[in-house]
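The lines below spell out each chain.
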Amino acid sequence: MGLRCSDGGRPIARLRPVGAGAHLIGVDVGERGVTAELFDLSLRRVDRVFRRLPTRVTSPGRDASTLGAAFVQLRAANPESDETLVGIGLGLPGIVGAADDGTNIIHAQSLGWEPTTLDEVVGSTDVSIFADNGAKTLAMAETWFGAAVGQSHSIIVLIGQSFGARGCLEAVDGDPGTRWTTGAAQAAGEWYRVDLGAGSWFNRVVIDVGPTTLGTSHAGSTWKPRTTVRAGRPLPPGTGRTR
């Protein structure tokens, strides 16, 4: 970029990276989809691809397929960057740790996964993969280039896209005109729990949902299917102190 005068001694040389000298792909795996972006060495975004996941609760194999499709689409649209592609940075939900043999293990309970290896999520690829938790990768980026430059500590808060302005409280705010939704199709394994703080007696409960099978539990561990619930109709009579 040129030289700048200093307070004394030799002038200061200012350097700038050549953007086309190298490229990298940054990927965010969220509950609603996969976002992949291509950057040059100056961190200028070159292209972006978003692939929606069919359901919030998914499988590592399905995510690997979605990731692979995003990589192929991004690289096919930008063939000139392939020779200078350094690697892929992967931001994942949950905890990203390492086994004793160095294998990356992902604990993504929000996606309904059992502990999963990185290879199961990424699949086969010809470039290096660098993976970590999404909040940690964001904190590192802010420390290097953003609002946390020069700070020794920073706090990162991630707000899920599926929650509305008031989040899940809209389900129990007493207003029939509001509701909470994940913003995606319902899938097996999803649940919504309300903790009342103590056992309570009820003589009538109304759940406004589409046709579904209702399960009840006295302790929150063993669930017993009761009946099919129809929108706006009270639950059938039952006994016991249900949490």
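Here the structure is shown first, and the text comes after it.
Calculation criteria
Residues numbered from 1 in each chain as written. Predicted model: local features only at pLDDT ≥ 70, side-chain atom pairs only at ≥ 80, totals over all residues. Heavy atoms only, no water. Helix = DSSP H or I, 4+ residues; strand = E, 2+ residues; numbered from the N terminus. Contact = heavy atoms within 4.5 Å. Expected span 1.5 Å × (residues − 1). Buried < 20%, exposed > 50% of the residue type's maximum accessible area, 1.4 Å probe, protein only. Arc of directions from axis to C-beta.

### Some remarks on the side chain of Thr 66
Relative to the elements of secondary structure, Thr 66 occurs in helix α1 (residues 60-77). If near-sequence neighbours (up to four positions away) are discounted, Thr 66 is found in contact with Val 34, Arg 51 and Leu 53.

### Section: α1
Relative to the 26 Å expected for 18 residues at 1.5 Å per residue, α1 spans 26 Å between its end C-alpha atoms, a close match to the ideal helical length. Among all positions of α1, only Pro 60, Asp 63, Ala 64, Thr 66, Leu 67, Ala 70, Phe 71, Leu 74 and Arg 75 are buried. Along the long axis of α1, the arc covered by the buried residues comes to 165°, so they all point the same way. Seen from the buried face of α1, the exposed residues on the opposite side, beyond 90 degrees, are Ser 65, Val 72 and Ala 76. On its buried face, α1 is in contact with β3 (23-29), β4 (33-40), β5 (45-52), β6 (85-92), β9 (116-117) and α2 (118-122).

### Regarding unusual backbone geometry
Of note in this structure, Leu 43 is not a glycine but carries a positive phi near 65°. Its location among the elements puts Leu 43 in the loop between β4 and β5.

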